[in-house]
Amino acid sequence: MSITWHILGAGSLGTLWATRLARAGVPVRLILRDKTRLASYQAGPGLTLVEHGIAHTYPVIAETSDSPEPIQRLLVACKAYDAQGAVAQLQHRLAPDAELILLQNGLGSQDAVAAQLPLARCIFASSTEGAFRDGDWRVVFAGHGYTWLGDVGHPTPPLWLEDLHAAGIPHDWSTDILTRLWRKLALNCAINPLTVLYQCRNGGLQAHACEVATLCAELSELLECCGQPAAAQDLHSEVTRVIEATAANYSSMYQDVANARRTEISYLLGYACQAAARHQLNLPHLQQLQVRLVEQLRVRGLPQD
Ligand code: NAD
Ligand code: KPL
């Protein structure tokens, strides 16, 4: 019997992982926020995954953080700003040699969780899969993609990658996960804030090509300075390619703002600007972008961090 996957956060990605693991017969337990959420979940038939327009429901067992069983393997599927607090609530249940898989976008939250648990193995993930909720306890698998996993301290892949294989979760073990996370952060910084400021789809940035190019130059300088030259390579060409390939889509930050949800700004543009300040690097366009974005969030009454 394989070790149980505890999944913290039954949102879009948490549900996408939980349902596919459950479908493959891998033991899974969901950890929900509180007793009210647990009661709501238990009143229904389980978690539903909608894939290619077809819905399947899986009766995954759920609990709250105060269940007594120890946790050996934890998939942290909260937003970056919730990860540290959510893990802290479970700290007393984590086995001394527990493994955590951190699905958060951006940078900063992973180090915060790892610092909180010096004995645990923290595996960082970067995913290009896309999912959204179209109802309570239901997720639509919107974009097939790939997930890279890696451990900055230990290059050896864990044996449980077998579970992901069995579940049909496309993945690879990465020995340069930080490079992947930095690259994704740079892409997100070059695209997402501008889509919020110009209120456009990704393709709308084709009309702001000079601004995108200037941001890419500053982001490349930052990546070089942060010891990530591989993440800086051909950044502008990739940003241009992504803008073209996803022209009809709204960026995740655009969608957060449009739905009056808190953004992950502190783990994306905020993290980049802080890193620049630490290195005493003057990146005026990136810094101005942060000021403009924060102002836009303020005007809309959304959290500015
Ligand atoms: P989401 O908001 O859909 O899900 C997060 C869930 O965590 C919510 O259900 C929330 O209630 C729950 N949660 C928060 N605090 C909790 C706590 N203390 N205890 C229990 N549950 C708690 O978010 P998401 O879209 O799944 O994103 C998760 C992360 O994955 C983000 O960093 C996001 O940027 C990244 N990501 C998402 C996608 C996607 O397509 N959704 C793709 C790539 C990366
Ligand atoms: O990852 C993205 C997002 O919207 O968050 C893309 C599509 C790459 C835009 O930055």
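Everything below is about the structure shown above.
In this text the structure is predicted, and so the values were computed from the model without any measurement. (Residues numbered from 1 in each chain as written. Chains lettered and ligands numbered in written order. Predicted model: local features only at pLDDT ≥ 70, side-chain atom pairs only at ≥ 80, totals over all residues. Heavy atoms only, no water.)

1. Some points on the overall build of the chain
For step 1, the next point in the chain: A tally of regular secondary structure across the chain gives twelve helices and twelve strands.
For step 2, the next point in the chain: Against the compact-globule benchmark of 19 Å for 305 residues, the chain has a radius of gyration of 19 Å, which places it among compact chains.
For step 3, the next point in the chain: For the chain, the residues scored as buried account for 52% of the 305 residues in total.
For step 4, the next point in the chain: A separation threshold of at least 6 residues defines the contact pool for the chain, and within that pool the share at least 24 residues apart is 67%.
For step 5, the next point in the chain: Taken as a whole, the chain presents about 13700 Å² of accessible surface, with 52% of it coming from carbon and sulfur.
For step 6, the next point in the chain: When the 23 positive and 28 negative side-chain charges of the chain are each reduced to one mean point, those points stand 6 Å apart. (Helix = DSSP H or I, 4+ residues; strand = E, 2+ residues; numbered from the N terminus. Rg over C-alpha atoms; globule rule 2.2 N^0.38 Å. Buried < 20%, exposed > 50% of the residue type's maximum accessible area, 1.4 Å probe, protein only. Contact = heavy atoms within 4.5 Å. Areas by Shrake-Rupley, 256 points an atom, 1.4 Å probe, with all protein chains shown as cover. Lys, Arg positive; Asp, Glu negative; His and termini not counted. Charge placed at Lys NZ, Arg CZ, Asp CG, Glu CD.)

2. A short note on the site of ligand 1
For step 1, the next point in the chain: The environment of ligand 1 is made up of 25 residues, and the closest members are S12, L13, N105, A131 and E264.
For step 2, the next point in the chain: At 2.9 Å, a backbone N or O of S12 approaches an oxygen atom of ligand 1.
For step 3, the next point in the chain: One nitrogen or oxygen atom from the main chain of N105 is found 3.0 Å from an oxygen atom belonging to ligand 1.
For step 4, the next point in the chain: Within the complex, the protein chains bury 84% of what would otherwise be the 830 Å² of accessible surface of ligand 1.
For step 5, the next point in the chain: Breaking the shell around ligand 1 down by element, the ones donating at least two residues are α1 (12-23), β2 (28-32), α3 (80-90) and β9 (130-135).
For step 6, the next point in the chain: For the shell around ligand 1, the element with the most residues is α3, which contributes four residues.
For step 7, the next point in the chain: Considering only residue class, the shell around ligand 1 consists of eleven nonpolar, eight polar and six charged. (Near = heavy atom within 4 Å. Polar contact = N/O pair within 3.5 Å; in protein donor to acceptor, adjacent residues only side chain to side chain. Nonpolar A, V, L, I, M, F, W, Y, C, P; charged D, E, K, R; others polar.)

3. Topic: the pattern of salt bridges
For step 1, the next point in the chain: Taken as a whole and judged by the stated rule, the model has 17 salt bridges.
For step 2, the next point in the chain: Taking the shortest distance from any N to any O, the salt bridge between D163 and R73 comes out at 3.5 Å. Here the residue D163 occupies a position in helix α5 (residues 161-167), and R73 occupies one in strand β6 (residues 71-76), the gap between them amounting to 90 residues.
For step 3, the next point in the chain: R298 serves as the salt-bridge partner of E295, at 2.9 Å between the closest nitrogen and oxygen. With E295 and R298 both in helix α12 (residues 284-299) and three residues apart, the pair spans about one turn of that helix.
For step 4, the next point in the chain: By relative accessible area, E295 is classed as partly exposed at 36%.
For step 5, the next point in the chain: Using a relative accessible area of 44% as the deciding quantity, one classes R298 as partly exposed.
For step 6, the next point in the chain: By sharing partners, the salt bridges in this structure join R29, E63 and R93 into a single network. (Salt bridge = Lys/Arg side-chain N within 4 Å of Asp/Glu carboxyl O.)

4. Here we look at the environment of H52
For step 1, the next point in the chain: The topology assignment puts H52 in the loop between β3 (47-51) and β4 (54-58).
For step 2, the next point in the chain: It is 8.5 Å that separates the C-alpha atoms of H52 and A142, two residues lying 90 residues apart in sequence.

5. Things to note about α12
For step 1, the next point in the chain: The end-to-end C-alpha distance of α12 is 22 Å, a good match for the 22 Å that 16 residues give at a rise of 1.5 Å each.
For step 2, the next point in the chain: Burial in α12 covers these residues: L286, L289, L293 and L297. Down the axis of α12, the buried set is contained in an arc of 70 degrees. They therefore lie on one face. Set apart from the buried face of α12 by more than 90 degrees, the exposed residues are V291 and V299.
For step 3, the next point in the chain: Those residues of α12 hidden inside the fold are in contact with α6 (177-197), α7 (209-225), α10 (252-258) and α11 (269-278).
For step 4, the next point in the chain: G301, located one to two residues past α12, shows a positive phi value of around 75 degrees. (Expected span 1.5 Å × (residues − 1). Arc of directions from axis to C-beta.)

6. Some words on the nonpolar core
One broad rule of soluble globular proteins: the nonpolar side chains tend to lie buried together.
For step 1, the next point in the chain: One finds L100, W182 and L222 to be the most contacted residues of the largest nonpolar core, which totals 66 residues.
For step 2, the next point in the chain: Top contributing element to this core by residue count: α6, with twelve residues.
For step 3, the next point in the chain: When residues of this core are sorted by domain, at least three fall in each of domain 1 (5-175) and domain 2 (179-299).
For step 4, the next point in the chain: In this structure L222 touches W182, A272, A275, A276, L281, L283 and L286, once residues within four positions along its chain are discounted. (Core = buried A, V, L, I, M, F, W, Y, C linked by side-chain atoms within 4.5 Å. Domains from an automatic or database assignment.)

7. Focus on the packing of aromatic side chains
For step 1, the next point in the chain: The full count for this structure, using the stated rule, is six aromatic pairs.
For step 2, the next point in the chain: Following the ring pairs from residue to residue traces out a cluster consisting of W5, W17 and W160. (Phe/Tyr/Trp six-rings, centres within 6.5 Å; stacked < 30°, edge-to-face > 60°.)

8. Structural notes on helix α9 (residues 235-245)
For step 1, the next point in the chain: Along α9, the positions that sit buried rather than exposed are L235, V239, V242 and I243. Buried residues of α9, seen end-on, are gathered within an arc of 100 degrees and therefore sit on one face of the element. Across from the buried face of α9, at angles greater than 90 degrees, the exposed residues are E244 and A245.

9. Quick word on the site of ligand 2
For step 1, the next point in the chain: Taken together, K184, L187, N188, I191, N192, N202, V242, S251 and S252 make up all the residues around ligand 2.
For step 2, the next point in the chain: Taking S252, its side chain carries an N or O atom lying 2.5 Å from an oxygen atom of ligand 2.
For step 3, the next point in the chain: Within the complex, the protein chains bury 80% of what would otherwise be the 280 Å² of accessible surface of ligand 2.
For step 4, the next point in the chain: The biggest single contributor to the shell around ligand 2 is α6, with five residues.
For step 5, the next point in the chain: By residue class, the composition of the shell around ligand 2 is three nonpolar, five polar and one charged.

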